[in-house]
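Per-entry structural report
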Amino acid sequence: MGGVAASARPLVTRFVYVNGRYLPYSQAAVHAEDRGFQFADAVYEVCEVKGGRLVDETGHMQRLARSLAELRISEPMARGAWSRVLRETIRRNRVTDGIVYLQVSRGAGPRDFLFPPAEARPTVVCLARSVSQRRLEAAADAGIAVKTVPDPRWARCDIKTVMLLPASLAREAARAEGAREAWFVDADGFVTEGAASNAWIVDSAGRLITRAVDNRILRGVTRTTLIDVLKREAIELVERAFTVDEARTAREAFITSATNTVMPVVRIDGRPVGNGAPGILTQRLRSEFHASAELAES
Ligand code: PDD
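Residues numbered from 1 in each chain as written. Predicted model: local features only at pLDDT ≥ 70, side-chain atom pairs only at ≥ 80, totals over all residues. Heavy atoms only, no water.

The final tally for this structure, using the stated rule, is 24 salt bridges. Residue D41 pairs with R106 through a salt bridge whose shortest N-O separation is 2.6 Å. Linking D41 in the loop between helix 1 (35-39) and strand 3 (42-50) with R106 in the loop between strand 5 (98-105) and strand 6 (123-130), this pair joins segments that are 65 residues apart in sequence. The buried category is assigned to R106, whose relative accessible area is 7%. Within the structure, one salt-bridge network assembled from shared partners comprises R66, E70, R156 and D158. (Salt bridge = Lys/Arg side-chain N within 4 Å of Asp/Glu carboxyl O. Helix = DSSP H or I, 4+ residues; strand = E, 2+ residues; numbered from the N terminus. Buried < 20%, exposed > 50% of the residue type's maximum accessible area, 1.4 Å probe, protein only.)

Moving on to the site of the ligand. Close to the ligand lie 20 residues; Y44, E193, V221, T222 and A258 are nearest. Here A258 contributes a backbone N or O atom positioned 2.8 Å from an oxygen atom of the ligand. Looking at the shell around the ligand, the elements with two or more residues in it are strand 3, helix 2 (57-71), strand 9 (191-194), helix 6 (221-232) and strand 13 (252-257). When its residues are assigned to classes, the shell around the ligand shows seven nonpolar, nine polar and four charged. (Near = heavy atom within 4 Å. Polar contact = N/O pair within 3.5 Å; in protein donor to acceptor, adjacent residues only side chain to side chain. Nonpolar A, V, L, I, M, F, W, Y, C, P; charged D, E, K, R; others polar.)

Now for the pairing of strand 13. Counting buried positions along strand 13 yields six of six residues, so the element is predominantly enclosed. Alternating positions in strand 13 separate into two faces, E252, F254 and T256 on one and A253, I255 and S257 on the other, with burial throughout. Across five bridges, strand 10 (residues 198-202) lies against strand 13 in antiparallel orientation. Residue pairing in the sheet places W200 in a bridge with F254 of strand 13. Where strand 13 lies against strand 14 (residues 261-268), four bridges are found, and the strand directions are antiparallel. Each residue of the ladder has a partner; that of F254, found in strand 14, is P264. The turn joining strand 13 and strand 14, which pair antiparallel and follow one another in sequence, is formed by three residues. (Pairing = 2+ DSSP bridges.)

Here the focus is the sheet that holds strand 6. Pairing is antiparallel across the open sheet formed by seven strands, whose spatial order is 2-1-6-5-3-4-16. In this open sheet, the two edge strands, each paired with only one partner strand, are strand 2 (21-24) and strand 16 (295-297). Pairs of neighbouring strands in the sheet enclose a mean axial angle of 30°, with direction left out of account. Pairing between strand 4 (residues 53-55) and strand 16: three bridges, direction antiparallel. Across the sheet, V55 pairs through a bridge with L295, a residue of strand 16. Docked against the sheet, helix 3 (residues 79-92) engages strand 1 (15-18), strand 2, strand 3, strand 4, strand 5, strand 6 and strand 16, running at close to 40° with respect to strand 6. (Axes fitted to C-alpha atoms, helices over the stretch in contact; angles between N-to-C directions. Contact = heavy atoms within 4.5 Å.)

As a further point, take the packing of helix 6 against helix 8 (residues 280-292). It is the contact of helix 6 with helix 8, at a shortest axis distance of 9 Å, that shows an interaxial angle of 100°. Compared by their axis directions, helix 6 and helix 8 come out roughly perpendicular. Together, T222, T225, L226, V229, L230 and R232 of helix 6 and L285, E288, F289, A291 and S292 of helix 8 make up the contact between the two elements. Its residues placed into classes, the contact of helix 6 with helix 8 shows six nonpolar, three polar and two charged. (Parallel < 35°, antiparallel > 145°, perpendicular 65-115°, else oblique.)

The subject of this paragraph is the environment of E119. Assignment of secondary structure puts E119 in the loop between strand 5 and strand 6. For the pair E119 and S74, spaced 45 residues apart in the sequence, the C-alpha separation amounts to 9.3 Å.

Another point: the pairing of strand 2. Walk down a regular strand and you will see the side chains alternate between the two sheet faces. Sheet topology note: the strand 1/strand 2 ladder contains four bridges and is antiparallel. Across the sheet, the residue bridging to V18 is R21, located in strand 2. Connecting strand 1 to the next strand, strand 2, in antiparallel fashion are two residues, including N19 with a positive phi near 45°.

This paragraph deals with helix 6. In this model helix 6 runs 17 Å from its N-terminal to its C-terminal C-alpha over twelve residues, within 8% of the 16 Å that 1.5 Å per residue would give. When helix 6 is considered as a whole, its buried residues turn out to be V221, T222, R223, T225, L226, I227, V229 and L230. Directly after helix 6, the chain includes A234, whose backbone phi takes a positive value near 55°. (Expected span 1.5 Å × (residues − 1).)

Summed over the entire model, instances satisfying the criterion amount to five aromatic pairs. Arranged with centres 5.3 Å apart and planes meeting at 15°, the rings of W200 and F254 form a pair that is stacked. Taken together, the residues W200 in strand 10 and F254 in strand 13 connect sequence positions 54 residues apart. Looking at W200, the relative accessible area reads 0%, which means it is buried. Sitting over the ring of F15, R92 keeps its end group 5.9 Å from the ring centre. (Phe/Tyr/Trp six-rings, centres within 6.5 Å; stacked < 30°, edge-to-face > 60°. Lys NZ or Arg CZ within 6 Å of the ring centre and 35° of its normal.)

What is shown is where atoms sit, not what they do.
The following block contains the structure:
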């Protein structure tokens, strides 16, 4: 066996794509001097797989291309090749409902703060795993709790890097208080986004409010698709930052991400949002989401 300990949960990932090869999970490794490991010099994407279909592949691949360009990491393969890798990884892992994850680092080389020479090859990893739809739906039926924490992240959160230690620490702090997600709050008291999701509220007039995209948050692909739903349904959207107090007194609240689609938030820092149950509009948007998303054969 390789160096990866089997987790207590059932191990559903069977094969991992690493630099052109589909390796058994226990042997899926990258170099010790990979820049993703030493410098978090890597970007990633997570796409939902729903009913055997890849959700919003185009949006995710466009964002990947942007993240790579922002960091001047060369594109490791063309779109058609990506498409084949994603599908083959999903197939080999027999995923019908779950996620496919891909990561690209700048590559491996002797540790140096400066970039390696231009010919250095990016490291590419792709893995897929099933996600229990029963558990996800149970969470959506009950709604989730969030905990607010100060946002300590850098000023380029618009790039989807693997620099996820603040998110990991925030999620741990949330879990310690029985919350499933953390909401980062900026120095002025405004919610930026979730540890791994975008944050939304519904005000007393039924308007949706979510922070406008800038360098402080990630432009969620789920967020973009949901905005299409809102346009179609003529639901008013206000793209502006909201405070924690506003969120606490909002009629409804929810998060969006590829791993949750639209997930109701029913408690913030231990206090109920609205009547403490998933909001009507939130539930409606959750049920309508996939009708607006791009669903491609996987
Ligand atoms: N995270 N904001 C942050 C900081 C995120 O990490 C994510 C997604 C989002 C939502 O983006 P999207 O709708 O494209 O998934 C917003 C993924 C799911 C993760 O890290 O697992």
